[in-house]
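Listed below are the residues making up each chain.
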Amino acid sequence: MARGNIRFTPGLLTQLGSFGQGPANQQGAAGASMLPPAQQFGPSGLGGMFARNLGGLLGMDMRTPQERLGELVSKGTGTFEEKMQVAQELAKTDPLRGLQLMESFKAEEAKKQAKAADNERQQRFRTSLISRNEAIGGSEARADTIADATPEMLLDIRKEILSDERKAAIKNAGAAGRIATGKAAGLSEKQVKSLSGLTDEQYSEVLSGLESDDKAYQNQETGEVGVYRVNRFGMVEIENENGTNRWVRPTELNLKPAVKQTEDVGRANELTSKLAAEGVKDFRIVTNAARDAYRALDVNRSRLKLLDDNPDLITGGALAELTTSALITLGSSLGIEIPATANAEAAQALIAQGVEAVGQSIKAFGAGTGLSDADREFAKLGAGATQELTAANIRRMIELANEKAEEAIGLHQRIYKTLGDEGAAPSSLAFYEAGPSLPSELSQYY
């Protein structure tokens with residue numbers, strides 16, 4: 001760029017920048033013209049300051065890379081775009097670190113968007129279930145549970161609603177309703193008509209599988225053995241994607257009867273009826289509870305460690321007395337993520353949801369063991385009862401969940417060991433396998 005008879009070039013600015021420096025520094029400045037402007041004209045010396053000011057007047061960016069990076073950071077790094085600008089600026093002087101940072105930010109953003117999309121799907125699912133529950137005259141208690149239920153609990157509630165919708169169709173639509181629901185469940189019209197002597201309740205039990213036997217079948221392609229519910233027509237039950245059940249011929253799934261394993265299933269259910277809580281007759285229920293219990297023990301061990309690492313939380317006071325920071329930590333111990341911007345009331349509501357989930361696990365694990373009155377009171381704590389929650393009794397709830405999980409595992413192991421001792425087939429034992437044996441020392445869980 002020219003000003004009068006003087007042409008200001010980077011080379012000239014380099015010479016100006018070295019003005020006032022010693023001969024050695026001036027000699028080194030000869031190669032500085034190969035560097036970006038901001039690195040050519042550092043702030044050292046009067047000449048450097050003059051060169052930076054003059055370069056700025058000529059429209060050149062005279063900031064150092066550190067200065068540019070610092071200004072970007074000072075503007076904020078809350079959004080994805082702001083973070084990427086910082087990473088891109090860093091890549092100009094440190095390509096490896098800059099690219100790594102960009103990839104990290106992209107992965108973080110993808111995870112954030114996936115979580116937001118999942119939350120939106122969950123909310124639509126909740127809204128749909130609440131509407132369907134209202135349409136069939138379901139209870140307000142169920143609607144309240146839907147609002148606070150975990151994703152796993154929502155799937156179970158959907159099954160309950162589907163069952164009620166089926167019952168309503170059978171009751172309200174007469175013979176046409178029976179044929180429609182029967183065909184939807186995989187039965188032929190002839191099979192449906194053969195059930196005409198059953199009451200609506202009995203007919204519903206046939207469709208839902210409550211009236212069925214457990215039998216083992218082997219997949220002729222893979223050799224795997226599984227236990228299926230079998231109805232009075234010799235059809236096996238499968239589950240549709242929407243949670244409803246359907247009945248198909250075993251040959252449609254390439255299944256053949258597994259006689260020895262079916263005997264083992266009968267014995268397992270017989271032992272379950274004797275040892276488990278009243279009404280629990282299916283060893284698969286005990287097995288699934290044990291599997292959940294192992295996972296709960298592993299998760300709860302981390303939760304208790306978090307509480308142990310923050311002893312100041314165990315105050316015995318109400319949640320309202322804790323700081324937002326303490327509430328965030330406490331929420332983490334329940335698997336609940338509380339935003340740093342959440343107010344105390346919102347944080348307590350989120351914690352209550354975590355407590356409700358723990359309470360549900362206590363009741364689930366207690367199905368085969370029984371709960372004391374005091375334990376039931378803990379299990380009832382949830383949304384709407386936040387004034388009763390303290391860091392201390394939340395810890396007690398986690399410990400109680402561990403105790404019930406241990407009992408669920410113990411019940412499974414007693415039945416499982418008896419089956420093995422009585423000569424059950426290895427494939428039968430593999431089907432009912434729940435997890436590793438509990439260590440003799442359980443203090444790590446408490």
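Everything discussed here concerns the structure shown above.
Residues numbered from 1 in each chain as written. Predicted model: local features only at pLDDT ≥ 70, side-chain atom pairs only at ≥ 80, totals over all residues. Heavy atoms only, no water.

Chemist: What am I meant to see in the nonpolar core here?
Modeler: Among soluble globular proteins, nonpolar side chains are generally buried collectively. Grouped together as the largest cluster of nonpolar side chains are 17 residues, with contacts concentrated most on Phe283, Val286, Leu419 and Tyr432. Setting aside residues up to four positions removed in sequence, leucine 419 forms contacts with Asp264, Arg267, Ala268, Leu271, Phe283, Ala424, Leu429 and Tyr432. Residues Val192, Val206, Leu207 and Met235 belong to the second largest nonpolar core, which totals 11 residues. (Core = buried A, V, L, I, M, F, W, Y, C linked by side-chain atoms within 4.5 Å. Buried < 20%, exposed > 50% of the residue type's maximum accessible area, 1.4 Å probe, protein only. Contact = heavy atoms within 4.5 Å.)

Chemist: Is there a simple way to explain the pattern of salt bridges in this structure?
Modeler: One side chain can pair with another of opposite charge once the charged atoms of both are near each other. All told, the structure shown has 23 salt bridges when counted by the stated rule. For aspartate 94, the salt bridge is made with arginine 97, and the minimal N-O distance between the two is 3.8 Å. Note on aspartate 94: relative accessible area 23%, which makes it partly exposed. When the shortest N-O distance is used, the salt bridge between lysine 417 and aspartate 421 registers 2.9 Å. Placement of the pair is lysine 417 and aspartate 421 together in helix α18 (residues 391-421), with a separation of four residues, close to one helical turn. Salt bridges here are not isolated pairs; linked through shared partners, they connect Arg267, Glu270, Lys274 and Glu422. (Salt bridge = Lys/Arg side-chain N within 4 Å of Asp/Glu carboxyl O. Helix = DSSP H or I, 4+ residues; strand = E, 2+ residues; numbered from the N terminus.)

Chemist: Which parts of the structure should I look at to understand helix α7 (residues 95-135)?
Modeler: Structural remark: α-helix, 3.6 residues per turn; residues separated by three or four positions point the same way. Between its first and last C-alpha, α7 extends 60 Å over 41 residues, near the 60 Å set by a 1.5 Å rise per residue. Among the residues of α7, those classed as buried are Gly98, Met102, Phe105, Glu109, Gln122, Arg126, Leu129 and Asn133. Residues of α7 that are buried make contact with α6 (80-93), α8 (140-148) and α9 (151-172). Glycine 137 lies just past α7 and shows a positive phi near 75 degrees. (Expected span 1.5 Å × (residues − 1).)

Chemist: Help me understand the side chain of serine 428, please; the structure alone is not making it clear to me.
Modeler: Relative to the assigned elements, serine 428 resides in helix α19 (residues 426-431). The exposure class assigned to serine 428 is buried, which follows from its relative accessible area of 5%. Side-chain polar atoms of serine 428 contact the side chain of aspartate 264, separated by 2.8 Å. When near neighbours in sequence (up to four residues on either side) are disregarded, serine 428 contacts Gln261 and Asp264. (Polar contact = N/O pair within 3.5 Å; in protein donor to acceptor, adjacent residues only side chain to side chain.)

Chemist: Where do I start with the packing of aromatic side chains in this structure?
Modeler: Within a pair of aromatic rings, the relevant descriptors are the distance that separates the centres and the angle that separates the planes. Tallied over the entire structure, the rule returns three aromatic pairs. Taking the centre distance of 6.0 Å and the plane angle of 80 degrees together, the rings of tyrosine 217 and tyrosine 228 count as edge-to-face. Of the two residues, tyrosine 217 sits in strand β3 (residues 213-219) while tyrosine 228 sits in strand β4 (residues 225-230), which places them 11 residues apart along the sequence. Here phenylalanine 431 and tyrosine 432 contribute two aromatic rings whose centre-to-centre distance is 5.1 Å and whose plane-to-plane angle is 75 degrees, an arrangement assigned as edge-to-face. (Phe/Tyr/Trp six-rings, centres within 6.5 Å; stacked < 30°, edge-to-face > 60°.)

Chemist: Hey, could you run me through the layout of surface pockets in this one?
Modeler: To find leftover empty space, a probe the size of one water molecule is rolled over the atoms. By volume, the second largest pocket amounts to about 190 Å³. Together, Gly78, Thr79, Phe80, Lys83, Glu108, Glu109, Lys111, Lys112 and Lys115 line the second largest pocket. Elements supplying a minimum of two residues to the lining of the second largest pocket: α6 and α7. When residues in the lining of the second largest pocket are grouped by element, the largest group, five residues, is from α7. Of the residues in the lining of the second largest pocket, the class split is one nonpolar, two polar and six charged. (1 Å grid on protein atoms, 1.4 Å probe; cavity = no way out; pocket = protein on both sides within 12 Å on 5 of 7 lines; lining within 4 Å. Points joined across faces, edges and corners; volume = space filled by probe spheres on them. Nonpolar A, V, L, I, M, F, W, Y, C, P; charged D, E, K, R; others polar.)

Chemist: Sorry, what's going on with the packing of α8 against α9 here?
Modeler: When two helices pack together, their arrangement is given by the angle between their axes and by how far apart the axes lie. α9 packs onto α8 with a crossing angle of 150 degrees between their chain directions and a minimal axis gap of 9 Å. As judged from the angle between their axes, α8 and α9 are roughly antiparallel. Here α8 runs over α9; the crossing is left-handed. Across the interface between the two elements, Arg142, Thr145 and Ile146 from α8 touch Met153, Leu154, Ile157, Glu160, Ile161 and Asp164 from α9. (Axes fitted to C-alpha atoms, helices over the stretch in contact; angles between N-to-C directions. Parallel < 35°, antiparallel > 145°, perpendicular 65-115°, else oblique. Left-handed = near helix turned anticlockwise from the far one by under 90°.)

Chemist: Can you walk me through unusual backbone geometry in this structure?
Modeler: The phi angle of most residues is negative, glycine excepted, and most peptide bonds adopt the trans form. Backbone geometry places asparagine 254, a non-glycine residue, at a positive phi of 60 degrees. With respect to the helices and strands, asparagine 254 occurs in the loop between β6 (245-248) and β7 (255-257).

Chemist: What is the right way to read empty space enclosed by the protein from this model?
Modeler: Applying the stated criterion across every chain, the model contains one cavity of 30 Å³ or more. Its boundaries defined by the atoms lining it, the largest cavity holds a volume of some 30 Å³. Taken together, Ala216, Val225, Val227, Gln261, Val265, Ser427, Ser428, Phe431 and Tyr432 form the lining of the largest cavity. Of all elements in the fold, only β4, α13 (259-275) and α19 reach the threshold of two or more residues within the lining of the largest cavity. Residue contributions to the lining of the largest cavity peak at three residues, all from α19. In terms of residue class, the lining of the largest cavity is built from six nonpolar, three polar and no charged.

Chemist: Looking at this structure, I do not really get the pairing of strand β5 (residues 236-239). What am I missing?
Modeler: Strand residues, when the strand is regular, have side chains that alternate between the two faces of the sheet. The sheet contact formed by β5 and β6 spans four bridges and is antiparallel. Residue pairing for β6: glutamate 239 is matched across the bridge by asparagine 245. Connecting the antiparallel pair β5 and β6 is a turn made up of five residues, with glycine 243 showing a positive phi of about 95 degrees. (Pairing = 2+ DSSP bridges.)

Chemist: What am I meant to see in helix α10 (residues 174-184) here?
Modeler: By the burial criterion, the buried members of α10 are Gly177, Arg178, Thr181 and Gly182. Summarising the axial view, the buried residues of α10 lie within an arc of 125 degrees, below the 170-degree limit, and thus occupy one face. Opposite the packed face of α10, turned more than 90 degrees from it, sit the exposed residues Ala175, Ala176 and Ala184. Structurally, α10 contributes buried residues whose contacts are with α9, α11 (189-193) and α12 (200-208). Positive backbone phi, approximately 100 degrees, marks glycine 186, located one or two places after α10. (Arc of directions from axis to C-beta.)

Chemist: Is there a simple way to explain the packing of α7 against α8 in this structure?
Modeler: Interaxial distance between α7 and α8 falls to 9 Å at its minimum, and their mutual angle equals 175 degrees. The orientation of α7 relative to α8 falls into the category roughly antiparallel. Each of Arg126, Leu129, Ile130 and Asn133 in α7 lies in contact with α8, whose residues at this interface are Arg142, Ala143, Ile146, Ala147 and Asp148. A per-class count over the contact of α7 with α8 returns five nonpolar, one polar and three charged.

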